[in-house]
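Examining the three-dimensional arrangement
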Amino acid sequence: KQEVTQIPAALSVPEGENLVLNCSFTDSAIYNLQWFRQDPGKGLTSLLLIQSSQREQTSGRLNASLDKSSGRSTLYIAASQPGDSATYLCAANNAGNMLTFGGGTRLMVKP
Amino acid sequence: DGGITQSPKYLFRKEGQNVTLSCEQNLNHDAMYWYRQDPGQGLRLIYYSQIVNDFQKGDIAEGYSVSREKKESFPLTVTSAQKNPTAFYLCASSTAGLYSNQPQHFGDGTRLSIL
């Protein structure tokens, strides 16, 4: 059974820092790896989806990488801003868009 | 605007009561999902449906029931058999298919509490 772990569970950084969020998964037979953002009391917003054949995806200041063989994905946020404060969740898709979620990383960017 | 609407935003349940959470989407998606999120944790799958009139149990289906009579709607009933229902419930939808590479779209959730 797929298990997804995110480290760290919480992170506080000053504005302007570049930062990396980590996601690891136990079953490498995935179709894709998805990163989501969740604001307090809200649903999830899709940030990036990396297909199994891809190594990375970029959207603005966000870059996500995927290393299937080692069971790892990272989300890189450049020049962090207070508006980036949220919980970031990764999810592994093994079949039929059935997602297994990690516990999330709660990010606080201080002005 | 296309999206997913969950209602109500907050819901309170009394002992022995069944309650139903509503989820409606106008994205023309075939697949719909219900997740439960406990404080500080990720999402766990309760039920999912890949097509109208068909649905499957997820990892934590006990104490819950669903129906999928219309493509747009996927209501979740939290029954009295669910002994620890206090949580944040999220509904999602996506294009269907075993090899779907489209992200799931989420509603804004319903927070259920026990009176």
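Heads up: these notes are all about the structure in this document. (Residues numbered from 1 in each chain as written. Chains lettered and ligands numbered in written order. Predicted model: local features only at pLDDT ≥ 70, side-chain atom pairs only at ≥ 80, totals over all residues. Heavy atoms only, no water.)

Topic: the sheet that holds strand β7 (residues 64–66) of chain B
Residue and element names in this part refer to chain B. Inclusion rule: DSSP calls a pair of strands paired once it identifies at least 2 bridges connecting them. To qualify as a helix, a DSSP run of H or I must reach at least 4 residues; to qualify as a strand, a run of E must reach at least 2; elements of each kind are numbered from the N terminus. With axes taken as lines fitted to C-alpha atoms, and helix axes fitted only over the stretch in contact, angles between N-to-C directions fall between 0 and 180 degrees.
Here we have 4 strands laid out as an open sheet, ordered β1-β3-β8-β7, and antiparallel in their pairing. Bordering the open sheet on either side are β1 (4–7) and β7, each of which pairs with just one other strand. For this sheet, the mean inter-axis angle between neighbouring strands, taken without regard to orientation, is 20 degrees.

Focus on the state of the cysteines
Using the following cut-off: Two cysteine sulfurs form a disulfide in these notes if their separation is within 2.5 Å.
Under the counting rule described, the total for this entry stands at 2 disulfides over all chains. Each disulfide pairs two cysteine sulfurs, and for Cys23 of chain A the partner residue is Cys90 of chain A, the sulfurs being separated by 2.0 Å. The disulfide joining Cys23 of chain A to Cys90 of chain A has a torsion of about 80 degrees about its S-S bond and is therefore right-handed. Of the two residues, Cys23 of chain A sits in strand β3 (residues 19–25) while Cys90 of chain A sits in strand β9 (residues 86–95), which places them 67 residues apart along the sequence. Here Cys23 of chain B pairs with Cys91 of chain B through a disulfide, and the sulfurs are 1.9 Å apart. Residues Cys23 of chain B and Cys91 of chain B share a disulfide whose torsion about the S-S bond is about -75 degrees; that sign makes it left-handed. Taken as a pair, Cys23 of chain B in strand β3 (residues 19–25) and Cys91 of chain B in strand β9 (residues 87–94) lie far apart in primary sequence, 68 residues in all.

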